[in-house]
Amino acid sequence: MLLARVVGTVVATRKDPRLEGRKLLVLRHISPEGEELSGYVVAIDTVGAGFREKVIAVSGSSARMASGMKDSPVDTAIVGIIDELDLDRGSGSAG
């Protein structure tokens, strides 16, 4: 799974028929703290994500298992919108 932020959209008037009616979004990888990392990816949106939202994306065969993506030419799919992300920082002591 990948953590990412929606940073743009892709408009493609001609595409594979199995992608008709699907929204394509540009994602930027982010760290768990929300800092932008290098790298962009185009993903198909299966959950109705919006601009600047933090999302969970999957790639490879997992993307084709997302809702409605079976037998579609998809390599990355957005499968969740992040409402909150909490990291367990622990106490910092060995124990």
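Computed from a predicted model, the values in this text were never measured in an experiment.

J.: Could you give an account of the sheet that holds strand β2 (residues 24-30), naming the residues involved and the relevant values?
T.: The five strands lie next to each other as β1-β2-β3-β5-β4, forming a closed barrel whose pairing is mixed. Within this sheet the neighbouring strands show an average axis-to-axis angle of 55°, counted without direction. The pairing of strand β1 (residues 2-10) with β2 spans six bridges and is antiparallel. Across the sheet, Val-6 pairs through a bridge with Leu-27, a residue of β2.

J.: I'd like to hear about the nonpolar core, residue by residue, with values.
T.: Counting residues in each nonpolar core, the largest one holds ten residues, listed as Ala-4, Val-6, Leu-25, Leu-27, Val-41, Ala-43, Ala-49, Val-55, Ala-57 and Ile-78. When contributions to this core are tallied by element, the ones reaching two or more residues are β1, β2, β3 (36-45) and β4 (54-59). Filtering out sequence-adjacent residues up to four positions away, Ala-49 remains in contact with Val-6, Lys-23, Leu-25, Val-55, Ile-78 and Ile-81. Judged by nonpolar contacts, the second largest core, of nine residues, contains Ile-44, Val-58, Met-69 and Ala-77.

J.: How would you explain the pairing of β1 if you had to name every residue and give the values?
T.: Bridge analysis of β1 against β4 gives four bridges, and the strand direction is antiparallel. Residue Ala-4 lies in a different strand from β4, and its bridge partner there is Val-55.

J.: Quick one: what's the story with the side chain of Arg-28, residue by residue and with numbers?
T.: Along the chain, Arg-28 falls in strand β2. Looking at Arg-28, its side chain comes within polar contact range of the main-chain oxygen of Leu-37, at 2.7 Å. Other than its neighbours up to four places away in sequence, Arg-28 contacts Leu-3, Ala-4, Arg-5, Val-7, Glu-36, Leu-37, Ser-38, Gly-39 and Tyr-40.

J.: So, the environment of Arg-5: which residues are in play, and what are the values?
T.: Within the secondary structure, Arg-5 sits in strand β1. Remark: the alpha-carbon pair of Arg-5 and Ile-81, spanning 76 residues in sequence, is separated by 9.6 Å. Ignoring any residue separated from it by four or fewer positions in sequence, one finds Arg-5 in contact with Val-26, Leu-27, Arg-28, Ile-30, Gly-34, Glu-36, Arg-52, Glu-53 and Lys-54.

What counts and what doesn't
Residues numbered from 1 in each chain as written. Predicted model: local features only at pLDDT ≥ 70, side-chain atom pairs only at ≥ 80, totals over all residues. Heavy atoms only, no water. Pairing = 2+ DSSP bridges. Helix = DSSP H or I, 4+ residues; strand = E, 2+ residues; numbered from the N terminus. Axes fitted to C-alpha atoms, helices over the stretch in contact; angles between N-to-C directions. Core = buried A, V, L, I, M, F, W, Y, C linked by side-chain atoms within 4.5 Å. Buried < 20%, exposed > 50% of the residue type's maximum accessible area, 1.4 Å probe, protein only. Contact = heavy atoms within 4.5 Å. Polar contact = N/O pair within 3.5 Å; in protein donor to acceptor, adjacent residues only side chain to side chain.

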